[in-house]
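Chain residues, written in single-letter form:
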Amino acid sequence: MSGYEDFIAGEGDQEQVEAALQSVVDLSEYYPSDSSSISFTEANTMVMEGDAAFIHQGDWAAGAYSSDDEFNYGEDWGQVTYPGTEGHYLLNMDSFPYLANNPSPEATKTFLSYCGSAEGQVLFNAEKGSIPPREDADVSALNEFQQDQFDDFTNADAQPPSIQHGLAVSPAVGTNIGEAFSGFLESQNVSGTAEGLINAFN
């Protein structure tokens, strides 16, 4: 994970980035040729129906599974930590913003305070399939998968932020990263994509 942390700090190593991209190319025979255009819902449904072996997603993907009584955690599906990322929990946060020109400022403050409470976070995440970021949250009412995720989260050695969800880099750098990745799954241009990713911070 040190390579990822160096990368989001703008100090990425091009050889390491190329090695990561090459792994994606090496695995290309195992994912659909139109994978870059498949929606999250479609890909997740493929897993649930047995048409795909796995999906790379956050814990919220489990929100769809919990509504299916015949697709059970530990029996029909599970979670695997990416090799080399043990002890790290990648962060992505949902947010409830306080809007400008708010017609009901006091009611909004009350609502947002509840959203940020341990109880409010448990209720929200119970429906979504994700977990509360508060270590004092009582997750006993959440399902087994969420409790396992919460345990991994609270015991993680590090919690690096997600690039894709705008936590790790500025919007401008995020746009540059997106442009560098554009077409990669089709072209499989490892060196060119790696160069674009390294230069995304310039």
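Our structure is the block above this text.
Here's a quick rundown of the structure.

Reading guide: rules and limits
- Residues numbered from 1 in each chain as written.
- Predicted model: local features only at pLDDT ≥ 70, side-chain atom pairs only at ≥ 80, totals over all residues.
- Heavy atoms only, no water.
- Helix = DSSP H or I, 4+ residues; strand = E, 2+ residues; numbered from the N terminus.
- Buried < 20%, exposed > 50% of the residue type's maximum accessible area, 1.4 Å probe, protein only.
- Areas by Shrake-Rupley, 256 points an atom, 1.4 Å probe, with all protein chains shown as cover.
- Core = buried A, V, L, I, M, F, W, Y, C linked by side-chain atoms within 4.5 Å.
- Contact = heavy atoms within 4.5 Å.
- 1 Å grid on protein atoms, 1.4 Å probe; cavity = no way out; pocket = protein on both sides within 12 Å on 5 of 7 lines; lining within 4 Å.
- Points joined across faces, edges and corners; volume = space filled by probe spheres on them.
- Nonpolar A, V, L, I, M, F, W, Y, C, P; charged D, E, K, R; others polar.
- Arc of directions from axis to C-beta.
- Polar contact = N/O pair within 3.5 Å; in protein donor to acceptor, adjacent residues only side chain to side chain.
- Salt bridge = Lys/Arg side-chain N within 4 Å of Asp/Glu carboxyl O.
- Phe/Tyr/Trp six-rings, centres within 6.5 Å; stacked < 30°, edge-to-face > 60°.
- Axes fitted to C-alpha atoms, helices over the stretch in contact; angles between N-to-C directions.
- Parallel < 35°, antiparallel > 145°, perpendicular 65-115°, else oblique.

1. Side note on the overall build of the chain
When helices and strands are tallied, the chain shows 10 helices and zero strands. In sequence order, the chain lays out its α and β elements as α-α-α-α-α-α-α-α-α-α. Projected onto its principal axes, the C-alpha positions of the chain cover 50 × 45 × 35 Å. Evaluated residue by residue, the chain yields a buried proportion of 26% over its 202 residues. Surface summary for the chain: the accessible area is close to 12,700 Å², and the carbon and sulfur share equals 50%.

2. Considerations on the nonpolar core
If you look at the biggest cluster of nonpolar residues, it comprises 16 residues, and the most contacted ones within it are Phe7, Leu21, Ile163, Val169, Ile177 and Leu197. Filtering out sequence-adjacent residues up to four positions away, Val169 remains in contact with Ile8, Ile163, Gly174, Ile177 and Phe201. Ranked by size, the runner-up nonpolar core spans 10 residues in total, among them Ile131, Val139, Leu142 and Phe153.

3. Focus on the layout of surface pockets
Any empty space left between the atoms is revealed when a probe the size of a water molecule rolls over them. The volume enclosed by the second largest pocket comes to roughly 160 Å³. Residue lining of the second largest pocket: Ala62, Tyr65, Ser66, Asp68, Asp69, Phe71, Asn72, Tyr73, Trp77, Asn143, Glu144 and Phe145, and that is the complete set. If you list the elements that add at least two residues to the lining of the second largest pocket, you get helix 4 (62-65) and helix 7 (144-154). In the lining of the second largest pocket, the residues fall into six nonpolar, three polar and three charged.

4. As for the environment of Val47
Mapped onto the elements of the fold, Val47 is located in helix 3 (residues 40-48). As for Val47 and Gln121, which are separated by 74 residues in sequence, their C-alpha atoms are 28 Å apart. Filtering out sequence-adjacent residues up to four positions away, Val47 remains in contact with Ala52, Phe54, Ile55, Tyr65 and Phe71.

5. Digging into helix 7
Phe145, Gln146, Gln149, Phe150 and Phe153 are the residues of helix 7 that are buried. Taken end-on, helix 7 shows its buried residues confined to a sector of 135°, consistent with a single buried face. You can read the cap of helix 7 off the contacts: a side-chain oxygen lies 3.2 Å from the backbone nitrogen of Phe145, and it is on Asn143.

6. Overview of the environment of Phe40
With respect to the helices and strands, Phe40 occurs in helix 3. Note on Phe40: relative accessible area 32%, which makes it partly exposed. Taking the C-alpha atoms as reference, Phe40 lies 8.5 Å from Gln57; in sequence the two are 17 residues apart. Excluding its chain neighbours within four sequence positions, the residues that come into contact with Phe40 are Ile55, Gln57, Trp60 and Ala61.

7. Here we look at the pattern of salt bridges
Scanning the model with the defined rule gives three salt bridges in all. Across the pair Asp94 and Lys128 runs a salt bridge whose closest N-O atoms are separated by 2.5 Å. With Asp94 in the loop between helix 4 and helix 5 (105-116) and Lys128 in helix 6 (residues 118-128), this pair connects stretches of sequence that are 34 residues apart. On the basis of relative accessibility, which here comes to 24%, the residue Lys128 falls in the partly exposed class.

8. Notes on the packing of aromatic side chains
A complete count under the given rule lists 10 aromatic pairs for this structure. Each ring, one from Phe96 and one from Phe124, has its centre 5.4 Å from the other, and the planes form 80°; the classification is edge-to-face. In this pair, Phe96 sits in the loop between helix 4 and helix 5 while Phe124 sits in helix 6, placing the two residues 28 residues apart along the sequence.

9. Let's talk about the packing of helix 5 against helix 6
Contact geometry for helix 5 and helix 6: axes closest at 4 Å, N-to-C directions at 75°. Classified by the interaxial angle, the pair formed by helix 5 and helix 6 is roughly perpendicular. Of the residues in helix 6, those touching helix 5 at Tyr114, Cys115 and Gly116 are Ala118, Glu119, Gly120, Gln121 and Leu123. Across the contact of helix 5 with helix 6, the residue classes break down as four nonpolar, three polar and one charged.

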